[in-house]
Amino acid sequence: MASLLAKSLSASLQWKATKFSAVNLAAGYCTKAANVPIETNVSGYEKRAQAPQHNPSVNPADFSKPAATGKPENKTYLWGRYNEMKKLVYELIPPGLCNLLHPSNIYANNEIKLENIEIYGFDYDYTLAQYSNSVHTLIFDTAREILVDQYKYPEGIKEYEYQPNFAIRGLHYDVRKGFLMKIDAFHYVQLGTVYRGLRPVPDEEVFHMYDGTQHVPLHQMSDFYGKGPSMKQFMDIFSLPEMTLLSCVNDYFINHNIEYDPVHLFRDVTDAISSVHIKGMMYDWIEKDMEKYILHGDETYAVLNRLVNNGKKLFLITNSPFNFVDKGMEYMVGKDWRDLFDLVIVQADKPSFFTDKRKPFRRLDDSGALQWDKITTLEKGKMYKQGNLFDFLRLTGWGGAKVLYFGDHLYSDLADLMLQHGWRTGAIVPELDTEISIINTEQFTHGLTWLQALTGLLERLQVYQDAESKQVLHEWLKERQELMSLTKNLFNPQFGSIFRTYHNPTYFSRRLCRFSDIYMSSISCLLNYDTTYTFYPRRTPLQHEAPLWMDQLCTGCMKTPFLEDMAHIR
């Protein structure tokens, strides 16, 4: 998501720079980094607080660019460039720029024309039905009790309460080491986001535990569905209480100097969490108080009703049981909710539903009781259990790019459909609401913009290698690290954004882009778009093709990097 802001900022900065002075830009910024002093607020916006300057004695208009040797004026030149760029960054961002993104937008990874979509499919949990955080608290509390009462874990574990803001979705858990961590798209662990229990693991220990590197080999990471020989990736929204419980139990054992095998602990916690789902406890809680636990039911009805009125076919494939889905849909949509759907499949056992050809469909009567007849057709208004996608395709004829299926789990809901069957897919990412609200803050906007500019300064001016220049660059590196920590902590103090490490996309983001054509915070976002709308992904610049990166503008040069300045290396 930060990349969306960066692109918007870059476009704004480009327009502002053009207004700033075409003459100055042509004469100074596109030559050998001539320094263009900024004397007035020429941006056209009301001037805000003066950007903080580092060395007041340095006047950018008084210095000229020295050679990258060891001359004393290098330090003055570097701080002059620093102050000039900080002032430029502050003045080029208009006050209204901090509200560029809207949480109800739909974001495209791939071009998709809704007018070509004839059939819409949906998962149920966290797709048609959104749940309050109270459900996670109940899952945590119940699984904790199971650990103590049935698995005979220490009573002191009952003192731990659920922390809703501790973990984020998409984290990896090293089963053998007991580490919960965030990994980027290149399989590198983000330092500072590795936790054993409720405490961070020092960077030095991380390097030691992974043989002197941050990199986790592919064979250890996970298989196609996020599970490897020693790693598990938590992609389900329901996994948030599981990650927190794992961390709390680890924390208790560590604090009380109790020897334990992390593998046993992982399996026990996983089994306890599974019991909550398998035994139907969660279903009972929600059914007894739907008003408390189910959110935005009226919006779900509005989306489904609109699609049907526009001649679209609808189907539902969910792992949840009949009674739970029936009561939830009745609460959100009404008693006649099944009239909206051409096909409803419950307890589908995804992702096996998409790959295993052996399980046949079973028909359910209106009360949810199983029938014994052989299924040769899938009838509108009927309820079915289990089955498989291959029979689904054969009996319906629905396939390919005319089908758009929505789900929240990138592996279980979307991966096979996109890669193996050519369906279009939409990912539901409720976390977008919070992430976008943070991205829209002035603190994040300014922090990210200055971080980009400072990074550009470091890249282009690292050719100055005399002792005083190295000290300046060291201070900039320290400030850059502080800025990266600041922008990370705005999202989550432990793990940051689910979409980014400090600058790389997360492993979650990589999967999101690979397995979904579009993504949004909820299906209600569809109400903002016509059923003939075309989603166009923005052309995200590759590193070698960006004509105007934000840091290039802010550092005063459109060339990457200062090759002339590095000629002495050859």
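Attention here is on the structure that accompanies the text. The shown structure was predicted, so the numbers you read here are calculated from the model rather than taken from an experiment.

1. Structural notes on the environment of Gly397
Inspection of the secondary structure assignment puts Gly397 in the loop between helix H14 (389–396) and strand S15 (403–407). Excluding its chain neighbours within four sequence positions, the residues that come into contact with Gly397 are Phe392 and Lys402.

2. Thoughts on the layout of surface pockets
Approximately 1,200 Å³ is the volume attributed to the second largest pocket. As for the second largest pocket, its lining consists of 40 residues, and the residues nearest its centre are Asp236, His277, Asn319, Lys350 and Ser412. Broken down by secondary-structure element, the contributors of at least two residues to the lining of the second largest pocket are strand S9 (231–233), helix H8 (262–278), helix H9 (281–288), strand S14 (383–386) and helix H15 (410–421). Of the residues forming the lining of the second largest pocket, the biggest block, 5 residues, is contributed by H8. Among the residues making up the lining of the second largest pocket, the classes are represented as 13 nonpolar, 13 polar and 14 charged.

3. Some points on the packing of H15 against helix H19 (residues 507–515)
Interhelical geometry of H15 versus H19 gives an angle of 40° and a closest axis separation of 9 Å. Taken together, H15 and H19 sit at an angle that is classed as oblique. In contact with Leu410, Tyr411, Leu414, Ala415, Met418 and Leu419 of H15, H19 contributes Tyr507, Phe508, Arg511, Leu512, Arg514 and Phe515. Within the contact of H15 with H19, the residues separate by chemical class into 10 nonpolar, no polar and 2 charged.

4. So, the packing of helix H4 (residues 134–149) against H9
Orientation of H4 relative to H9, taken along the N-to-C sense of each, is 140°, at an axis distance of 11 Å. Relative to H9, the element H4 lies oblique. Handedness of the crossing formed by H4 with H9: right-handed. In this structure, H4 uses Val135, Leu138, Ile139, Thr142 and Ile146 to contact H9, whose residues at the interface are Met281, Met282, Trp285 and Ile286. Partitioning the contact of H4 with H9 into residue classes produces 8 nonpolar, 1 polar and no charged.

5. Some points on the pattern of salt bridges
In the structure shown here, the tally under the stated rule is 21 salt bridges. Between Glu145 and Lys158 there is a salt bridge; the shortest N-O distance is 3.4 Å. Residue Glu145 is found in helix H4, and its partner Lys158 is found in the loop between H4 and strand S5 (172–174); the two are separated by 13 residues along the sequence. By relative accessible area, Glu145 is classed as partly exposed at 25%.

6. Topic: the sheet that holds strand S3 (residues 119–122)
Pairing in this open sheet of 9 strands is mixed, and the strands run S1-S17-S16-S15-S3-S11-S12-S14-S13 from one edge to the other. This sheet does not close on itself; its edge strands, each paired only once, are strand S1 (107–108) and strand S13 (361–364). Sheet topology places S15 next to strand S16 (residues 424–428); 4 bridges connect them, and they run parallel. Following the sheet pairing, Gly407 is matched in S16 by Ala427.

What counts and what doesn't
- Each residue is numbered by its place in its chain's sequence as written, counting from 1.
- Local features are withheld for residues below a pLDDT of 70 in this predicted model, meaning they are given only at 70 or higher, and side-chain atom pairs are given and counted only at 80 or more; totals for whole chains, interfaces and linings count all residues.
- Side-chain measures here rest on the full set of heavy atoms in the structure, leaving out hydrogens and waters.
- Runs of E in the DSSP output that reach at least two residues are strands. Runs of H or I that reach at least four are helices, and both are numbered from the N terminus.
- Residues are treated as being in contact if the distance between any of their heavy atoms lies within 4.5 Å.
- Points on a 1 Å grid over protein atoms alone make up a cavity when a 1.4 Å probe fits among them but cannot get out, and a pocket when they form an open set with protein on both sides within 12 Å along at least five of seven lines; lining residues each have an atom within 4 Å of a point.
- Grid points are joined across faces, edges and corners, and a volume is the space filled by probe spheres set on the points.
- Note on residue classes: Ala, Val, Leu, Ile, Met, Phe, Trp, Tyr, Cys and Pro are nonpolar, Asp, Glu, Lys and Arg are charged, and everything else, Gly too, is polar.
- Each axis is a line fitted through C-alpha atoms, taken for helices only over the stretch in contact, and angles between the N-to-C directions span 0 to 180 degrees.
- Each angle is binned into one of four classes, with values under 35 degrees roughly parallel, values over 145 roughly antiparallel, values of 65 to 115 roughly perpendicular, and all other values oblique.
- When the near helix sits turned anticlockwise from the far one by under a right angle, the crossing is termed left-handed; a clockwise turn instead gives a right-handed crossing.
- A side-chain nitrogen of Lys or Arg and a carboxyl oxygen of Asp or Glu constitute a salt bridge if their distance falls within 4 Å.
- The buried label applies to any residue whose accessible area, calculated with a 1.4 Å probe on protein chains only, is under 20% of its type's maximum; exposed applies above 50%, and partly exposed to all values in between.
- Criterion used throughout: strands pair if DSSP finds at least two bridges between them.

As far as function goes, none of this settles anything; it's purely spatial.
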